[in-house]
Amino acid sequence: MQEVFDELRSALHTVWNRRWLALAVAWGVCILGWLAVAFIPNSYESRARIYVELEDVLSEQLEISGDGQQAITKVRQTLVSAVNLERVVRSTKLGDKVATDSEMQSAVQSLTENILVESEQDNLFEITATVGKSNLSDAENAALAKDVVQNLIDIFRESNIAGNRGDVADTIAFLDQQLDERKSELEAAEQRRLNFEAQHPDLIGGTGTVTGRLQTMRTEMRGIDADIAAAQSALAAINGQLASTPRSIMTAESGGARGALIQAQSQLAAMRARGLTDSHPDVQAQRRQVESLREQAANEPAGASGAPNPAYTSLMSIRAERQANVQALQARKAALQSDISALIAAQADEPAVAAEANRISRDYEVLKDKYDELLKDREEMRLRGQVETERSAFQFEVIDPPTAPRAPAAPNRPLLLLGVLIVGLGAGAGVAFVMGQLKSSFTTAERLERALDMPVIGTISRSVTEAARAHEKRRMKQFFAGVGGLGAVCFLLLAVEIVQVGSVA
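The shown structure was predicted, so the numbers you read here are calculated from the model rather than taken from an experiment.

Draft legend 1. Local environment of the packing of aromatic side chains. Within this structure, the stated rule accounts for two aromatic pairs. Measuring from ring centre to ring centre gives 5.7 Å for F479 and F480, while their planes differ by 70°; the resulting arrangement is edge-to-face. F480 gets classed as partly exposed once you look at its relative accessible area, which sits at 48%. Cluster of aromatic residues (ring-pair linked, three or more members): W20, F479 and F480.

Draft legend 2. Structural detail: the nonpolar core. One finds V89, L111, I115, I127 and V148 to be the most contacted residues of the largest nonpolar core, which totals 25 residues. Those elements that place two or more of their residues in this core are β1 (44–53), α5 (82–91), α6 (101–113), β3 (124–131) and α7 (138–199). Setting aside its immediate chain neighbours within four residues, I115 contacts V80, L85, T128, A129, V148 and L152. With 11 residues, the next largest nonpolar core counts L214, M221, L329 and L343 among its residues.

Draft legend 3. Just the side chain of N42, in detail. Mapping N42 onto the fold places it in the loop between α2 (19–39) and β1. Apart from residues no more than four positions distant in its own chain, N42 is found in contact with V131, G132, D138, N141, P408, A410, P411, R413 and E497.

Draft legend 4. Layout of the state of the cysteines. For the coordinates displayed, the defined rule picks out zero disulfides. We note that C30 lacks a disulfide partner, and the nearest cysteine sulfur, in C490, lies 7.6 Å from it.

Draft legend 5. Looking closely at a nonpolar patch on the surface. A cluster of nonpolar side chains, namely L21, V431, F433, V434, M435 and L438, defines an oily patch on the protein surface of about 480 Å² accessible area. It is helix α13 (residues 413–438) that contributes the most residues to the nonpolar patch, five residues altogether. For L21, the position within the fold is in helix α2. Under the relative-accessibility criterion, L21 is labelled partly exposed at 34%.

Draft legend 6. Layout of the pattern of salt bridges. Scanning the entire structure with this criterion turns up nine salt bridges. The residue E86 makes a salt bridge to R90 at a minimum N-O spacing of 3.2 Å. With E86 and R90 both in helix α5 and four residues apart, the pair spans about one turn of that helix. A salt bridge links E220 to R332; the nearest nitrogen and oxygen atoms lie 2.8 Å apart. In this pair, E220 is assigned in helix α8 (residues 206–243) and R332 in helix α11 (residues 310–349), connecting sequence segments 112 residues apart.

What counts, and at which threshold
- Residues numbered from 1 in each chain as written.
- Predicted model: local features only at pLDDT ≥ 70, side-chain atom pairs only at ≥ 80, totals over all residues.
- Heavy atoms only, no water.
- Phe/Tyr/Trp six-rings, centres within 6.5 Å; stacked < 30°, edge-to-face > 60°.
- Buried < 20%, exposed > 50% of the residue type's maximum accessible area, 1.4 Å probe, protein only.
- Core = buried A, V, L, I, M, F, W, Y, C linked by side-chain atoms within 4.5 Å.
- Helix = DSSP H or I, 4+ residues; strand = E, 2+ residues; numbered from the N terminus.
- Contact = heavy atoms within 4.5 Å.
- Disulfide = S-S within 2.5 Å.
- Patch = residues over 30% accessible without salt bridge, like charges linked within 9 Å, V, L, I, M, F, W, Y side chains within 5 Å.
- Areas by Shrake-Rupley, 256 points an atom, 1.4 Å probe, with all protein chains shown as cover.
- Salt bridge = Lys/Arg side-chain N within 4 Å of Asp/Glu carboxyl O.

Here it is as structure tokens:
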């Protein structure tokens, strides 16, 4: 540890003995460094924040909204694209001295390095532009930084909102052209189909349609058979009810033997109700009359007397309706059997014609499906264009407009000035130390003893006269004045820098 302290003391002594050299080098390095710092142009930074709204209720309801993440990626890529930056260069002072393509590329490259786009959230962006041109004043650099950010925002708004509508219009025009072509092809296919159907009405729709029709007819035939069975069962049930239902009903007012029998039975019952017994002469006479009328009623034809039965009449109407239903189902079954036989015969007898029918039907269906799909796409695109015309789904809002910088963002000139001062002092001390090491002298007795490996008996102090001491004091004052002047110059430069920064607006 003592050796380290001795070495440090020796180095300080070496530098101190050559302090005027150190001061001169420090002055030279500081002057050059401060001049270099003075020639560094101030860079001014302008910031703006924009918000891009990608969710629109109407677009989502109509199912015409696009992919939000894709739109966010588009924002990041197009905001600082080379095309947009070239437009910024041409619309600001950056393009005043740009005449060739190489100069334009250089300007765009420089602007690309000085523009930063950061995404604070998924759809919130901060644009930062830094401008520091040596041929412009500080006020012009500050205004230019703000103009660059504002032009970026304007170009982005124009290219994304107006550009989207232009893309929609181009897409609609393309779809209209495709629809016209498909329409002509569809009309030609429809005409071929009509001509074929006129010649072969049994094979309308092709073999595939014939097979489908046969299947449908067979399914319908099975349904009709089930309906016929149910209708016949219902008819049999109504016939059974008719067989057990009389055509007419007998009453006392009906007339004939049966009517007289009913009236006589009523009188006999009334006599018994009055308490007359079977041995009473009136009761016996009435009983003989009832027996006689019963024989007459048994010999009387059915329906010869009595009132019509309403239930029987209603059942007859229901039976007639069910008989008509059974006959209609049987007729439909016969017609279906005839159609099925005709289709099977046509399909079997003319396979080439059936194949042609299948091809015509297939071509027509393919063209029709494609035409319907294109028509649907065209209408959706037209609706999207109308929605974007009335209210764009790409909502663009400037939250914080471009700032007008009042202080330079770079360089940190006060720190650089102080850094140059420190570097100058260090360079002066370093040069003085190196020069001391180049001369074969020893600053202390210990270094001499270590170098010669011999003991040092003693040292002789330097004797200084009064005149030499006065001269040394004067020289010391001059040295400290030089060091103080170096610090004063640095302080003055710092003050000038603060005043200049305060005057930028």
